[in-house]
Amino acid sequence: MTRRLYTALRTLFFVSLAEALLVVVLGQTDLLPNGIWADDGHRDAAFVADIVAILLTVTALPLLTRYAGKHLERRPATADDATALRHYYRWSTIRLAVWSQVQAGCLAIYYLTLSTTGLLCALIMLLATFCYCRPNSSAIARYMGDVDEQA
C-alpha cells in the first residue's frame, strides 16, 4: 500500500516539474507572449505582477512548510493504516499542487514582464519543491511508524 502511495506521489512530483517545463517551453517558443508588460506603457502592470510574484512566494513558502509540514510529520493517533495513508496523500498533494502553481505563475510573470523578479521567485519555489516535496519512501515509513521500511 505504501509502495502505491510512493508511486502516485512521485508521479505527481514529475507532473509538477513538467508543468514548469511546459511554461518555460511556451515562453521560449513565443507561444507565451514575451515582454508584453515590459514597455513603458505597461510599467504599472509589470510592477503589480512583480509584487504578486513576491507575495505569492513569500506567503506560500512558510505557510506550506509549517502548516502542511505539521500534517506530514506524524500520523493521526486514531487513524488506521488506510486512513493515515489517505491523510498523507491528501496533504502531500495539496502542498505539491500549491507550490507548482505558484512556481508556474512566477515563471509566467517572468515571461510577461521580462523582469528577473519572477524568475527569482520561480527558482525559490523550484528549490523548495526539491527540498520539501520530493517524495521518498523513508518519509512515508516514518509517518506510518514503520521501523524497518517494508514499503
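Residues numbered from 1 in each chain as written. Predicted model: local features only at pLDDT ≥ 70, side-chain atom pairs only at ≥ 80, totals over all residues. Heavy atoms only, no water.

Overall, the coordinates contain four aromatic pairs when judged by the stated rule. Each ring, one from F13 and one from F130, has its centre 5.7 Å from the other, and the planes form 75°; the classification is edge-to-face. Highlighted residues: F13 in helix α1 (residues 2-28) and F130 in helix α4 (residues 116-133), separated in sequence by 117 residues. Residue F13 is classed as buried on the basis of its relative accessible area, which comes to 3%. Look at F130 and you get partly exposed, because its relative accessible area is 35%. Geometrically, the ring pair formed by Y110 and Y111 is edge-to-face, given 5.0 Å between the ring centres and 65° between the ring planes. One aromatic cluster is present, formed by F13, F14 and F130 through successive ring pairs. (Phe/Tyr/Trp six-rings, centres within 6.5 Å; stacked < 30°, edge-to-face > 60°. Helix = DSSP H or I, 4+ residues; strand = E, 2+ residues; numbered from the N terminus. Buried < 20%, exposed > 50% of the residue type's maximum accessible area, 1.4 Å probe, protein only.)

So, about the environment of R142. Residue placement: R142 occurs in helix α5 (residues 137-144). Once the C-alpha coordinates of R142 and E73 are considered, the two residues, 69 residues apart in sequence, prove to be 8.1 Å apart.

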